[in-house]
Amino acid sequence: MRFIGDYIAKTDSKGRVFLPAQLRKMLEAGGEERLILRPDLFQPCLVLYPETLWNEMLDEMRLRLNRYNAQHQAILRQFVADAEVVDLDSNGRFLMNKRKLQYAGITQEVRFLAVDDHIEVWDKARCEQMLAEANNLGQRLQEVMQ
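Residues numbered from 1 in each chain as written. Predicted model: local features only at pLDDT ≥ 70, side-chain atom pairs only at ≥ 80, totals over all residues. Heavy atoms only, no water.

Draft legend 1. Spotlight on the state of the cysteines. Counted according to the given criterion, the structure contains zero disulfides. Of all cysteine sulfurs in the structure, the one in Cys45 sits closest to Cys127, which takes part in no disulfide; the separation is 8.2 Å. (Disulfide = S-S within 2.5 Å.)

This is the structure:
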């Protein structure tokens, strides 16, 4: 499944947000019904994974992590403990708990960045700052792709 696009939405007072219709259509076309939400590992945002991708990621982690190694067990525990299943209501909304909203700095406006196989959920102002700082895309691509 491949996502594409950049969408803006607003949270309500309970922390619910509409998943943009275009993204819902992409999920439906891919046969995905559920999403997994967790904090990003490297950026101050949240990430939505289609359940199928999440399961593939966990399978890969289980292959690489030894269940009888305490450090490996702690890594897997923390990775999974920070995740939660997201079910969309009949209106296409989902709830983000306060801890996740605080982590991402989300107050009201949300920006959804579709990034290939997953969707990043950003505070709109933080996202705009991050994108402004990450300029020179052409030069960076040239360096990486040569």
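Draft legend 2. Representation of the nonpolar core within the structure. Leu48, Met96 and Phe112 are the most contacted members of the largest nonpolar core, which has 22 residues in total. Breaking this core down by element, the ones donating at least two residues are strand S1 (3–10), helix H1 (21–29), strand S3 (35–39), strand S4 (46–50), helix H4 (98–104), strand S7 (109–116) and strand S8 (118–123). In contact with Leu48, not counting residues within four places along its chain, are Leu19, Leu35, Ile36, Leu37, Val86, Phe94, Phe112, His118, Ile119 and Val121. With nine residues, the next largest nonpolar core counts Tyr49, Trp54, Met61 and Ala83 among its residues. (Core = buried A, V, L, I, M, F, W, Y, C linked by side-chain atoms within 4.5 Å. Buried < 20%, exposed > 50% of the residue type's maximum accessible area, 1.4 Å probe, protein only. Helix = DSSP H or I, 4+ residues; strand = E, 2+ residues; numbered from the N terminus. Contact = heavy atoms within 4.5 Å.)

Draft legend 3. Representation of the packing of aromatic side chains in the model. For the structure on display, the rule yields three aromatic pairs. Taken together, a centroid distance of 5.1 Å and an interplanar angle of 10° make the contact between Trp54 and Phe79 stacked. Here Trp54, found in helix H2 (residues 51–64), pairs with Phe79, found in helix H3 (residues 70–81); they are 25 residues apart in sequence, far enough to count as distant. By the burial criterion, Trp54 is buried, and Phe79 matches it. (Phe/Tyr/Trp six-rings, centres within 6.5 Å; stacked < 30°, edge-to-face > 60°.)

Draft legend 4. Spotlight on the sheet that holds S3. Taking strand neighbours across the sheet as the criterion, the six strands line up as S1-S7-S8-S4-S3-S5 in an open arrangement whose pairing is antiparallel. Where the open sheet ends on each side, the last strands, each with one partner, are S1 and strand S5 (84–86). Strand after strand, the sheet turns through a mean of 25° between neighbouring axes, direction not considered. Relative to the sheet, H2 contacts S3 and S4, its axis offset from that of S4 by approximately 95°. (Pairing = 2+ DSSP bridges. Axes fitted to C-alpha atoms, helices over the stretch in contact; angles between N-to-C directions.)

Draft legend 5. Main features of the environment of Cys45. With respect to the helices and strands, Cys45 occurs in the loop between S3 and S4. The class for Cys45 is buried, based on a relative accessible area of 0%. A sequence separation of 48 residues divides Cys45 from Arg93, and the C-alpha atoms of the two residues are 18 Å apart. Beyond its immediate sequence surroundings of up to four residues, Cys45 is in contact with Pro39, Asp40, Tyr103, Ala104, Glu120, Val121 and Trp122.

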